[in-house]
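Listed here are the chains, written in short residue letters.
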Amino acid sequence: MTRALLLVTALSIALPAAAAEKGNAEEGKLKVYTCAGCHGIPGWKNAYPNYHVPKIGGQNYDYLVAALTEYKKGERSHPTMRAQGESLSEQDIRDIATYLSSITQ
Amino acid sequence: MKRLIAPLALAALMTAGSAFAKGDAEAGKTKAVPCQACHAADGNAGIDPQYPRLAGQYADYLAKALHEYKSDERKNPIMKGFATTLSDADIDDLAAYFSSLPGSKLTDLHGHIEGE
């Protein structure tokens, strides 16, 4: 029983850490090439509806992973980003998020 | 010709207007207290990386996100709870406030792409 409890405790500590596991920033830097078309132009706007494409350089890692995963799974509706998300593996997403979150102004 | 120009100029003005924040950043500041628990007082969400940094983000994008949370187009139970209580004016004010915060760590990818 104690052993089982210990295992459960160990797992519950290990799981959040695993969720935040970082990717490879160097790989990510190569994989963000496509992103620059919209996110690389200061002040670039999305068409219909018309709003600025968000700044993603320097954004938090876990949030970026969650956002890309939501697009990949179709849980966020932006058509272009869904298409991008669907083309990415989980490793791609971790690499991209690692690079983007490492960017400083 | 003049008849054609007037509607075009009006359309251009309206388009430009809708792209920028309509909100009042000062009013947004007083409404932003609940946001600070997760997104931090400086809007940089330095406490927990699962929450996005908001400081310096484009106001119209922030407003769009809040509207999407409110309408459930973007599903997030925590943000839904907050966004439901916000009027359109509240959303504009909050978006203007967070967008105006100094010390932003966010940037466009210009200059950060390999082979650029």
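Residues numbered from 1 in each chain as written. Chains lettered and ligands numbered in written order. Predicted model: local features only at pLDDT ≥ 70, side-chain atom pairs only at ≥ 80, totals over all residues.

Some details on the confidence of the model for chain B
Residue and element names in this part refer to chain B.
- Across chain B, the average pLDDT comes to 87, with 80% of residues at 70 or higher.
- Across chain B, the element-wise mean pLDDT spans from 48 in helix α1 (residues 2-19) up to 98 in helix α6 (residues 88-100).
- Ignoring residues within four places in sequence, the model shows residues 10-19, a span with pLDDT below 50, making six contacts including any to other chains.
- The complex prediction reports pTM at 0.81, with the ipTM value standing at 0.81. (pLDDT = per-residue confidence, 0-100. Helix = DSSP H or I, 4+ residues; strand = E, 2+ residues; numbered from the N terminus. Contact = placed C-beta atoms within 7 Å.)

Focus on unusual backbone geometry
Residues and elements named next belong to chain B.
- Phi angles above zero are rare outside glycine, and Ala-40 is one such case at about 70°.
- Not every positive phi belongs to a glycine, and Ala-45 is a case in point at roughly 45°.
- Secondary-structure assignment places Ala-45 in the loop between α3 (36-39) and α4 (59-71).
- Ala-45 gets classed as buried once you count the C-beta atoms within 10 Å, which come to 23. (Buried ≥ 20, exposed ≤ 12 C-beta atoms within 10 Å, placed from the backbone.)

Quick look at the packing of helix α4 (residues 61-72) of chain A against helix α6 (residues 90-102) of chain A
Residues and elements named next belong to chain A.
- Interaxial distance between α4 and α6 falls to 9 Å at its minimum, and their mutual angle equals 140°. The angle between α4 and α6 places the two elements in the oblique class. In the crossing of α4 with α6, the sense of the turn from one axis to the other is right-handed. Residues Tyr-61, Leu-64, Val-65, Leu-68 and Thr-69 of α4 form the contact with α6, whose participating residues are Ile-93, Arg-94, Ile-96, Ala-97, Thr-98, Leu-100 and Ser-101.
- Broken down by class, the residue content of the contact of α4 with α6 amounts to eight nonpolar, three polar and one charged. (Axes fitted to C-alpha atoms, helices over the stretch in contact; angles between N-to-C directions. Parallel < 35°, antiparallel > 145°, perpendicular 65-115°, else oblique. Left-handed = near helix turned anticlockwise from the far one by under 90°. Nonpolar A, V, L, I, M, F, W, Y, C, P; charged D, E, K, R; others polar.)

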